[in-house]
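Coordinate analysis (summary)
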Amino acid sequence: MSRSRYALLGILTLGPRAGSDIKRFIDESIAHFWSESYGNLYPRLHELLSQGLIECRTEIRDAAPEALVYSITVAGRAEFRRWMSQPYREQRVRDELLLRVFFANEVPVTQTTEQLERFAERQRDVLTVFSEVRRSLLQEYATDPNQPFWLMTLRRGEMVAEARLAWANECLAELPDMPLSPAETIS
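The present account deals with the structure reproduced in this document. (Residues numbered from 1 in each chain as written. Predicted model: local features only at pLDDT ≥ 70, side-chain atom pairs only at ≥ 80, totals over all residues. Heavy atoms only, no water.)

A few words on the overall build of the chain. In terms of helices and strands, the chain carries eight helices and three strands. Seen in sequence order, the chain has helices and strands lined up from the N terminus as α-β-α-α-β-β-α-α-α-α-α. Rg of the C-alpha trace for the chain: 22 Å, well past the compact-globule value of 16 Å for 187 residues, more than 25% over. Per-residue burial for the chain yields a buried fraction of 32% across its 187 residues. Contacts in the chain between residues at least 24 apart in sequence constitute 58% of all its contacts with a sequence separation of at least 6. Carbon and sulfur atoms form 56% of the exposed surface of the chain, whose accessible area is close to 12,700 Å². (Helix = DSSP H or I, 4+ residues; strand = E, 2+ residues; numbered from the N terminus. Rg over C-alpha atoms; globule rule 2.2 N^0.38 Å. Buried < 20%, exposed > 50% of the residue type's maximum accessible area, 1.4 Å probe, protein only. Contact = heavy atoms within 4.5 Å. Areas by Shrake-Rupley, 256 points an atom, 1.4 Å probe, with all protein chains shown as cover.)

This is how it looks when you write it as structure tokens:
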């Protein structure tokens, strides 16, 4: 079973949404740890519809064409809760930067330095975004019963970005002392 279905069911536990609203919600809230493309979103929604786990209705919107708005059914909520009660499956990590660092002896140190500097900058950007998200969660969602759980997921993201930044800084500090790579000694 696609785990995407459970992400969509979970989103719909928060309230009815059109497909474009679901995609926007993903992009604006959980995209740091879960993504869905439109190419996967609509087939999963149709699958959930055919299984009776969600339902849809046509909604007329003022500034946009009519939209199909999806909502979770009683059976969908039961299926989502059943999935939530099961142990999670560990994800295998595929990390291109780690692969490049692992084989960095094949390129000049300057290339690895540039890659790690870009990575560190990206982590600083992520931490800035997370700071804004934290502020928003604390101010705009202070009374939302989901807020403590959203803060927990945010904190994990913050800690991961902080650890990644610390790792990149350690690597960058070590690189100047590295011996020349074979790529540098051949030239």
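Time to look at the sheet that holds strand E3 (residues 67-72). Pairing is antiparallel in the open sheet, where three strands are placed in the order E1-E3-E2. Taken across any chain shown, the strands that pair with only one partner, and hence form the sheet edges, are strand E1 (17-18) and strand E2 (54-59). Note that E1 and E3 share two bridges and pair antiparallel. Its bridge partner being in E3, Arg 17 is matched across the sheet by Tyr 70. (Pairing = 2+ DSSP bridges.)

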